[in-house]
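# Summary of structural features
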Amino acid sequence: MKDILEELEARRQTARQGGGQRRVDAQHARGKLTARERVELLLDEGSFEEFDTFVAHRCTDFGMEKDRPAGDGVVTGWGTINGRMVYVFSQDFTVFGGSLSETHAQKICKVMDMAVRNGAPIIGINDSGGARIQEGVASLAGYAEVFQRNIMASGVVPQISLIMGPCAGGAVYSPAMTDFIFMVKDTSYMFVTGPDVVKTVTNEMVTAEELGGASTHTKKSSVADGAFENDVEALFETRRLFDFLPLNNRDRAPTRPFFDDVARIEGSLDTLIPDNPNQPYDMKELIRKIADEGDFYELQKDFAGNIVTGFVRLEGQTVGVVANQPLVLAGCLDIDSSRKAARFVRFCDAFEIPILTFVDVPGFLPGTSQEYGGVIKHGAKLLFAYGEATVPKVTVITRKAYGGAYDVMASKHLRGDFNYAWPTAEIAVMGAKGATEILYRSELGDNDKIALRTKDYEDRFANPFVAAEKGFIDEVIMPHSTRKRVARAFASLRGKRLSNPWKKHDNIPL
Ligand code: HXC
């Protein structure tokens, strides 16, 4: 018996060594952790339960039968993050470059199936040379099996991808279909075709980092939701994100203990809005001031800064925040911000996370690049996402809510539950100057007359009361009491029941 136990321990020991010390050292020399070290840091200490430690590939081409390392280049299993269950897979670059074989894919599929069946999120750590070249189509089939599971798991359990090394070719499409992607600066990249192919086909000279590094994907393409300095930071931030999320679509996000007064008055918010309506202010200040302990977990912060998305907690409960940001493009909606916010709203709705919207939007960004780029269709994504969302929706208009953008930003008409406005709100078809120039075109040469007309328009429409008279605004609230009002609104909505008519699925303008 003792011998058998010793043999198991010896086999485990060999499996844990992955591709051997030389390759582990090379991994460390690049500033990367190994697959197992990453899992250890991601999960609560001692909570990891590994599956399929001894799975080996079945390839017999290219002499592969002589090299069958235990685990086949991916570590899989489950554990906990702050006591809550999660399934993980972590590709081991030290074994065949973390490349995906038929059996490697089967290991990933097994934990994905368990995650869906048992209602727990799945976190994938990607560090791989792609399809196992020696296995050919068997490897491609493996990828497709993973893709199919990503699709089926979407909206059922949260899926998070960490990119911690290469992720190229069709392999990028698994992370692309998950809910959140985090990357590590300088050591990770994602692209469909690498720099060499790009050079051959388009003659462009570009490095892997420029083509698909963390900075590219968080600033330009918006493929990734966050970029971090190193593996440790990325893993730590993943734990923080995880804490905001429910385990599955039938569960509620966890309620965390909070040490903040729900009725906290924030006097400084009474002077947040500058006297000059064209002067910007930082919407994130408002978000932090209403959040429990000022904690705001921002996503996609380096992309489409004209809209801000992320999570806060109110009374310990997760709330998704979408807010126009006057500091960037005056807070206009455009293609990028609409796409960014629409995806976030849909995530929140899929996982029953209430949505808080702060509005200060002068309208949609004009211009040929926007029109040619399809701002109509992209703007419609956000409109559609808000309109179909059945979670509790609370909206606060701080300043401008002009034109179609007023409708889009979780207005009453899109089944907003509580629509508040600050006294500084201006809810109108457009700004006073633009409106006057259209209505009184014949008087345009006469500056005094136009000034009077503009003032008249401002007095009449640049306020929240016309909308409040019609009941489109439920109440005009004091800025300093925003936290209390919003928290009470969400508290009153905990029993909300609303469903959409039966359909196979909708046809959101993609
Ligand atoms: C088998 C692979 C491999 C692969 C790397 N290795 N990629 N083995 N299949 N796809 C092995 C190497 O032979 C090497 O083994 C070890 O992993 C480390 O690789 P290196 O090249 O030494 O590392 P590095 O210099 O860091 O370069 C990493 C790399 C490069 C950029 C990922 O290895 C590379 O370009 N690999 C091929 C990538 C590729 O073309 N993959 C197929 C893409 S198509 P030893 O024994 O020396 O340690 C694809 C389609 C998916 O993925 C489609 C889904 C639909």
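Reading the values: the criteria
Residues numbered from 1 in each chain as written. Predicted model: local features only at pLDDT ≥ 70, side-chain atom pairs only at ≥ 80, totals over all residues. Heavy atoms only, no water. Helix = DSSP H or I, 4+ residues; strand = E, 2+ residues; numbered from the N terminus. Rg over C-alpha atoms; globule rule 2.2 N^0.38 Å. Buried < 20%, exposed > 50% of the residue type's maximum accessible area, 1.4 Å probe, protein only. Contact = heavy atoms within 4.5 Å. Phe/Tyr/Trp six-rings, centres within 6.5 Å; stacked < 30°, edge-to-face > 60°. Near = heavy atom within 4 Å. Polar contact = N/O pair within 3.5 Å; in protein donor to acceptor, adjacent residues only side chain to side chain. Salt bridge = Lys/Arg side-chain N within 4 Å of Asp/Glu carboxyl O. Pairing = 2+ DSSP bridges. Axes fitted to C-alpha atoms, helices over the stretch in contact; angles between N-to-C directions.

Our next topic: the overall build of the protein. Assigned secondary structure in the protein consists of 19 helices and 17 strands. Against the globule reference of 24 Å for 510 residues, the protein gives a C-alpha radius of gyration of 26 Å, in line with a compact fold. The buried share of the protein, reckoned over its 510 residues, is 53%. Pairs at least 24 residues apart make up 73% of the contacts formed inside the protein by residues separated by at least 6 positions.

Attention now goes to the packing of aromatic side chains. In the structure shown here, the tally under the stated rule is 12 aromatic pairs. With centroids separated by 5.8 Å and ring planes inclined at 50°, the aromatic side chains of phenylalanine 244 and tyrosine 297 adopt a geometry described as tilted. Taken together, the residues phenylalanine 244 in helix α10 (residues 231-244) and tyrosine 297 in strand β10 (residues 297-299) connect sequence positions 53 residues apart. Between tyrosine 457 and phenylalanine 461, the ring centres sit 4.8 Å apart and the planes meet at 50°, which makes this aromatic pair tilted. Highlighted residues: tyrosine 457 and phenylalanine 461, both in helix α17 (residues 447-461), separated by four residues, approximately one helical turn.

The local shell around the ligand holds 20 residues, among which Arg23, Arg30, Gly97, Gly129 and Ala131 are the closest. Between glycine 97 and the ligand, the recorded distance is 2.9 Å, taken from a backbone N or O atom to an oxygen atom. Separating a nitrogen atom of the ligand from a side-chain N or O atom of serine 99 is a distance of 3.5 Å. Within the residue set of the shell around the ligand, elements represented by two or more residues are α5 (137-153) and β6 (166-168). In terms of residues, the shell around the ligand owes the most to one element, α5, which gives three residues.

The final tally for this structure, using the stated rule, is 32 salt bridges. Here lysine 110 ties to aspartate 52 by a salt bridge, and the two come within 2.8 Å at their closest N and O atoms. Taken together, the positions of lysine 110 in helix α4 (residues 102-118) and aspartate 52 in the loop between β1 (49-51) and β2 (74-81) put the pair 58 residues apart, joining distant regions of the chain. Since its relative accessible area comes to 39%, lysine 110 is described here as partly exposed. Notably, a salt bridge pairs arginine 494 with glutamate 315, separated by 3.6 Å at the nearest N-O pair. Separated by 179 residues along the polypeptide, arginine 494 in the segment after α19 (482-492) and glutamate 315 in the loop between β11 (307-314) and β12 (317-324) bring together distant segments of the chain. Look at arginine 494 and you get partly exposed, because its relative accessible area is 37%.

Further remarks concern the sheet that holds β1. Spatially, seven strands are ordered β1-β2-β3-β4-β5-β7-β9 in an open sheet, and the strand pairing comes out mixed. Edge positions in the open sheet fall to β1 and β9 (226-228), since each of these has one partner strand only. Here the strands of the sheet are splayed against their neighbours by 20° on average, with no regard to which way each runs. Relative to β2, β1 runs antiparallel, the two being bridged by three bridges. Within the sheet, the bridge partner assigned to glutamate 49 lies in β2 and is tryptophan 78. Packing against the sheet, α4 makes contact with β1, β2, β3 (84-91), β4 (122-126) and β5 (159-163), and its axis sits at approximately 165° to β3.

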